[in-house]
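Single-letter residue listing:
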Amino acid sequence: MEDFIFAFSIVFTTCVVLPIMIVWFTTRYKTNQTNRQTEIILAAIEKNSTIDIEDFFKKMNPPSQTLKQGLIKKLTVGCVMTAGGIAFLIYSLWLEYFKKTFLPSLNSCYLIGILSLFVGGAYLFSYIVSKKMLAKELKAEERQMEEAARPDNE
C-alpha cells in the first residue's frame, strides 16, 4: 500500500503539480516584464511628450528570431528527434533479436523510440508545411535584411 501511495504521489506531482507550477512561473514572469515595461514607458512619456511610442516598443521588444531561424529550428529538432527515435528502435531490436535478451525496460526503449520518431516526424511535417505557407513572408524578410545590410550611398 505504501508503494502505491509513493508511486501515485510521484505521478501526481509530475503530471499535475509540475505543469501548474511551470505555467504559474511563466505567467508571473511575463506579468512582471509587462509591468516593468509599462513603468519605463510611463516615465519616458512624463519626461518627454514627443516620444514615438511605436518606435520605442520596437526598440524595447526586438523580434527574438526571424522566420527563417524558426524554420531551421523546427528542421533541426525534427532531424534530431527522428534520428534519436530510429536509434532507440534499432537498439531495442538489436537487444531483442541478436542478443536474445528480454529486459523489462525493453518495452520502454520501444516506446521511447516510437514516440521520438513520431515527434520528429511531426516537427519535419510542420517544417514542410510552414515553409510552403510562409514562402512570401520569407522572401520579404530576406529582402528586408538585405536592404538593412546594404550601406546607404546616397
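On a predicted model such as this, the values are computed, not experimentally measured, just so you know.

Asks: Any chance you could explain the overall build of the chain here in plain terms?
Replies: Counting secondary structure elements, the chain contains five helices and zero strands. Of the regular secondary structure in the chain, the N- to C-terminal order runs α-α-α-α-α. In terms of C-alpha radius of gyration, the chain reaches 25 Å, well past the compact-globule figure of 15 Å for 154 residues. Once the C-alpha set of the chain is aligned to its principal axes, its extents read approximately 75 × 45 × 20 Å. Across the 154 residues that make up the chain, the buried fraction comes to 14%. As presented, the chain carries roughly 12900 Å² of accessible surface, and 67% of it is formed by carbon and sulfur atoms. With 17 positive and 15 negative side-chain charges, the chain shows a spacing of 7 Å between the two charge centroids.

Asks: I'm lost on a nonpolar patch on the surface in this one. Help?
Replies: Nonpolar side chains collect at one region of the surface, where Met1, Phe4, Ile5, Phe8, Phe12, Val16, Val17, Ile20, Met21, Trp24 and Phe25 lie side by side and expose about 1100 Å² of accessible area between them. Summarising the element assignment, Met21 is placed in helix H1 (residues 2-47).

Asks: What is the right way to look at the packing of helix H3 (residues 67-98) against helix H4 (residues 106-133) in this model?
Replies: Helices that pack against each other are described as a pair by the angle of their axes relative to one another and the distance between those axes. It is at 7 Å that the axes of H3 and H4 come closest, and there the two elements cross at 155 degrees. Relative to H4, the element H3 is oriented roughly antiparallel. Crossing of H3 against H4: the hand is left-handed. A breakdown of the residues in the contact of H3 with H4 according to their chemical character gives 22 nonpolar, eleven polar and three charged.

Asks: Sorry, what's going on with H4 here?
Replies: An α-helical turn contains 3.6 residues, so a residue and the one three or four places further along point in the same direction. Spanning 28 residues, H4 covers 40 Å between terminal C-alpha atoms, matching the ideal 40 Å at 1.5 Å per step. On its buried side, H4 packs onto H3.

Asks: Looking at this structure, I do not really get the packing of H4 against helix H5 (residues 135-149). What am I missing?
Replies: Following both chains from N to C, one finds H4 and H5 inclined at 70 degrees, their axes separated by 4 Å at the closest point. Between H4 and H5, the angle falls in the class roughly perpendicular. Seen from H4, the contacting residues are Lys131, Lys132 and Met133; seen from H5, they are Ala135, Glu137 and Leu138. Here the contact of H4 with H5 is composed, by residue class, of three nonpolar, no polar and three charged.

What counts, and where the lines are drawn
- Residues numbered from 1 in each chain as written.
- Predicted model: local features only at pLDDT ≥ 70, side-chain atom pairs only at ≥ 80, totals over all residues.
- Heavy atoms only, no water.
- Helix = DSSP H or I, 4+ residues; strand = E, 2+ residues; numbered from the N terminus.
- Rg over C-alpha atoms; globule rule 2.2 N^0.38 Å.
- Buried < 20%, exposed > 50% of the residue type's maximum accessible area, 1.4 Å probe, protein only.
- Areas by Shrake-Rupley, 256 points an atom, 1.4 Å probe, with all protein chains shown as cover.
- Lys, Arg positive; Asp, Glu negative; His and termini not counted.
- Charge placed at Lys NZ, Arg CZ, Asp CG, Glu CD.
- Patch = residues over 30% accessible without salt bridge, like charges linked within 9 Å, V, L, I, M, F, W, Y side chains within 5 Å.
- Salt bridge = Lys/Arg side-chain N within 4 Å of Asp/Glu carboxyl O.
- Axes fitted to C-alpha atoms, helices over the stretch in contact; angles between N-to-C directions.
- Parallel < 35°, antiparallel > 145°, perpendicular 65-115°, else oblique.
- Left-handed = near helix turned anticlockwise from the far one by under 90°.
- Nonpolar A, V, L, I, M, F, W, Y, C, P; charged D, E, K, R; others polar.
- Expected span 1.5 Å × (residues − 1).
- Contact = heavy atoms within 4.5 Å.

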